[in-house]
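Analysis of the macromolecular model
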Amino acid sequence: MNSPIQLTEDERDCYQEITNVAMGQAADRLARLLGVYVVLPVPNVNIIEVNEFKMTLKSLEGNSTVSAVCQGFIGAGIAGEALLIFNDASFNDIAKLLDYPGNLDRHEELEMLMDVANVLNGACIQGIGGQLDIDFSQSHPVVLGQHCSVAELLSQRENHWQKTMAIEINYTIEDHDINCDLLLLFTEDSVLHMNRLISFLLED
Amino acid sequence: MPNKVLICDDSNMARKQMARALPDGWPVEVIFAKHGEEALSLIKEHEFEVLFLDLTMPVMDGYTTLENIRKDDLPIMVIVVSGDIQPEAQERVKKLGAIDFVKKPVDQTRITAILTDYGIYRGTPNE
């Protein structure tokens, strides 16, 4: 058995602050794309098991269906995935902001999902990498599911994740019914490596 | 008695980074607050040269803190320090009375320039 990964209070604080800066950059990009103000939360940083992770996701879901995009990133011995989960109710409002006329078909929704994922995932991943001096390479975004439940989403990915550091950012958009969750998941080995990288930020 | 500076941020690391970004050798006492409520009660007890204020915080966020400072007419200059770099965020805090906006991660040159512009920092003695 490997020794379990843990975070000290200082390390958690550091990841939270790094995320805070990165999600601000991402929100700025989204705000400019949609012409809105993005409300920024305090991000959650946790070491979690897959079981707990399922519960986290279920609590995001509520009663509605979701659509999700996943994008891997890797660099300097650190690997992870960014998972963007959209409440399906958000699509109508995003469509209005992006000037899509009429009712949306599945294809147009997919296009919007990809557009927003590209902006949010990309800016967030690069924002974190920039602060740690890592040039992350990103894979193409992959659609995990459209109009499905979180349980269905996870059934496809279960073997991928064991224990992970999860950073959760809940973006909402002011005056609009748009809600999405960005989860950044790092592998166990990556966390050990990142803890070494951030130690210089934590020096007095 | 040295002059006092107040740094309000929920992150311990961000507070330290902010303190390190103050001009080298500036003879001030630095006091920390973890959220807006703590900052407000400190402002009522002490006299500060300037408040460096984060926006996204639990208990009381930066916007509400600014509103309260204005409502109670507290005599303090506020510089907002935030990762929220949306143009709208900058406009809002200025409307609420902040004298300036600094994006995170903070940078000493920028902080020194702002403090100098507003006459809060007048150079270090013996330099």
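Overview of the structure.

The rules behind these values
- Here the residue numbers are simple positions, counted from 1 along each chain's written sequence.
- Each chain takes a letter, starting from A, and each ligand takes a number, starting from 1, following the order in which they are written.
- Local features in this predicted model are restricted to residues whose pLDDT is 70 or higher, and side-chain atom pairs enter the listing and the counts only when it is 80 or higher, whereas totals over whole chains, interfaces and linings include all residues.
- Hydrogen atoms and water are omitted, and side-chain values are computed over all heavy atoms in the structure.
- Where helices and strands are cited, they refer to DSSP runs of H or I of at least four residues and of E of at least two residues respectively, numbered from the N terminus.
- Here the term buried applies to any residue with accessible area under 20% of the maximum for its type, exposed to any over 50%, and partly exposed to those in between, with areas from a 1.4 Å probe on protein chains only.
- We call two residues in contact when some of their heavy atoms are within 4.5 Å.
- Areas reported as accessible are Shrake-Rupley estimates using a 1.4 Å probe. Residue values count occlusion only from the protein chains shown.
- Each polar contact in these results corresponds to two N or O atoms within 3.5 Å; when the atoms are within protein, one needs to be able to donate a hydrogen and the other to accept it, and residues that are neighboring in sequence are counted only if both atoms are side-chain atoms.
- Working definition: rings of Phe, Tyr and Trp (its six-membered ring) pair if their centres are within 6.5 Å, and the pair is stacked with planes under 30 degrees apart, edge-to-face with planes over 60 apart, and tilted otherwise.
- Both a distance and an angle decide whether a charge sits over a ring: NZ of Lys or CZ of Arg must be within 6 Å of the ring centre and within 35 degrees of the ring normal.
- Multiplying 1.5 Å by the helix residue count minus one yields the expected span of that helix.
- Each salt bridge in this description consists of a side-chain nitrogen of Lys or Arg and a carboxyl oxygen of Asp or Glu lying within 4 Å of one another.
- Two cysteine sulfurs form a disulfide in these notes if their separation is within 2.5 Å.
- Structural elements are reduced to axes, namely lines fitted to C-alpha atoms, with helices fitted over the stretch in contact, and the angle between N-to-C directions of any two is expressed from 0 to 180 degrees.
- What sets the label is the angle itself: under 35 degrees gives roughly parallel, over 145 gives roughly antiparallel, 65 to 115 gives roughly perpendicular, and the rest give oblique.
- By the definition used in this description, the sense in which the near helix is turned from the far one sets the handedness, with an anticlockwise turn below a right angle giving left-handed and a clockwise turn giving right-handed.
- Side-chain classes follow a simple rule in which Ala, Val, Leu, Ile, Met, Phe, Trp, Tyr, Cys and Pro form the nonpolar group, Asp, Glu, Lys and Arg form the charged group, and the remainder, Gly included, forms the polar group.

Before going further, it helps to spend a moment on the overall build of chain A. When helices and strands are tallied, chain A shows 6 helices and 8 strands. Ordering the α and β elements of chain A from the N terminus gives α-β-β-α-β-β-α-α-β-β-α-β-β-α. Across the 204 residues in chain A, those meeting the buried criterion constitute 52%. Taking contacts inside chain A between residues at least 6 apart in sequence as the whole, the part at least 24 apart equals 73%. Within the structure as shown, chain A displays about 9,300 Å² of accessible surface, and the carbon and sulfur contribution to it stands at 47%.

Our focus in this paragraph is helix α1 (residues 12-20) of chain B. Within an α-helix, residues lying three or four positions from one another point in the same direction, as the helix has 3.6 residues per turn. If you check which residues of α1(B) are buried, you get M13(B), A14(B), R15(B) and M18(B). The opening residue of α1(B) is S11(B), an N-cap whose side-chain oxygen sits 3.2 Å from the backbone nitrogen of M13(B).

Glancing now at the packing of aromatic side chains. Pairs of aromatic rings are described using the distance from one ring centre to the other and the angle between the two planes. Considering all chains together, one arrives at 4 aromatic pairs over all chains under this definition. Aromatic pair F73(A) and F186(A): ring centres 5.5 Å apart, planes at 75 degrees, arrangement edge-to-face. In this pair, F73(A) is assigned in strand β3 (residues 66-75) and F186(A) in strand β8 (residues 179-186), connecting sequence segments 113 residues apart. The burial state of F73(A) is the same as that of F186(A); both residues are buried. The interplanar angle of 25 degrees and the centroid separation of 5.7 Å between the aromatic rings of F86(A) and F91(A) together place this pair among those described as stacked. Overall, the relative accessible area of 1% leaves F91(A) in the buried class. Put simply, the rings of F73(A), F136(A) and F186(A) pair up and form one aromatic cluster. Cation over ring: R92(B) sits above Y37(A), and NZ or CZ is 4.0 Å from the ring centre.

The subject of this paragraph is helix α4 (residues 106-132) of chain A. Residue and element names in this part refer to chain A. Across its 27 residues, α4 extends 38 Å between first and last C-alpha, which sits within 8% of the 39 Å expected from 1.5 Å per residue. For α4, the side-chain oxygen to backbone nitrogen distance between the N-cap and H107 is 3.1 Å, and the N-cap itself is D105. Looking one or two residues past α4, D133 carries a phi angle of roughly 65 degrees, positive in sign.

What follows covers the pattern of salt bridges. In this structure the tally under the stated criterion is 11 salt bridges over all chains. For K104(B), the salt bridge is made with E17(A), and the minimal N-O distance between the two is 2.7 Å. Remark: E17(A) occurs in helix α1 (residues 9-34) and K104(B) occurs in the loop between β5 (100-103) and α5 (108-117); the pair is interchain, linking two chains. Here K104(B) and E17(A) have matching classes, each one buried. Across the pair R32(A) and D28(A) runs a salt bridge whose closest N-O atoms are separated by 3.1 Å. Residue R32(A) and its partner D28(A) are both found in helix α1; the two are separated by 4 residues, about one turn of the helix. The exposure class of R32(A) is exposed, given its relative accessible area of 54%. Assessed through its relative accessible area of 9%, D28(A) is described here as buried. Residues participating in the shared-partner salt-bridge network are E17(A), D9(B), D54(B) and K104(B).

In this section: the state of the cysteines. Residue and element names in this part refer to chain A. Across all of its chains, the model carries 0 disulfides over all chains by this definition. In this model C14 remains outside any disulfide bridge; the closest cysteine sulfur is found in C124, 15 Å from its own. Looking at the unpaired C180, the closest cysteine sulfur is the one in C124, lying at 10 Å. Taking relative accessible area as the criterion, C180 reaches 4% and is therefore assigned buried.

Residue class for E17(A) comes out buried when judged on its relative accessible area of 4%. Not counting chain neighbours up to four residues away, the residues in contact with E17(A) comprise D9(B), S11(B), M13(B), A14(B) and K104(B).

Looking now at the packing of helix α3 (residues 62-71) of chain B against helix α4 (residues 87-95) of chain B. Residue and element names in this part refer to chain B. Where α3 meets α4, the axes come as close as 10 Å, and the angle between the chain directions of the two elements is 20 degrees. When the axis of α3 is compared with that of α4, the two are roughly parallel. As for the relative orientation of α3 and α4, their crossing is left-handed in sense. Between α3 and α4, the contacting residues are Y63, L66 and R70 on the first element and A89, R92, V93 and K95 on the second. By residue class, the composition of the contact of α3 with α4 is 4 nonpolar, no polar and 3 charged.

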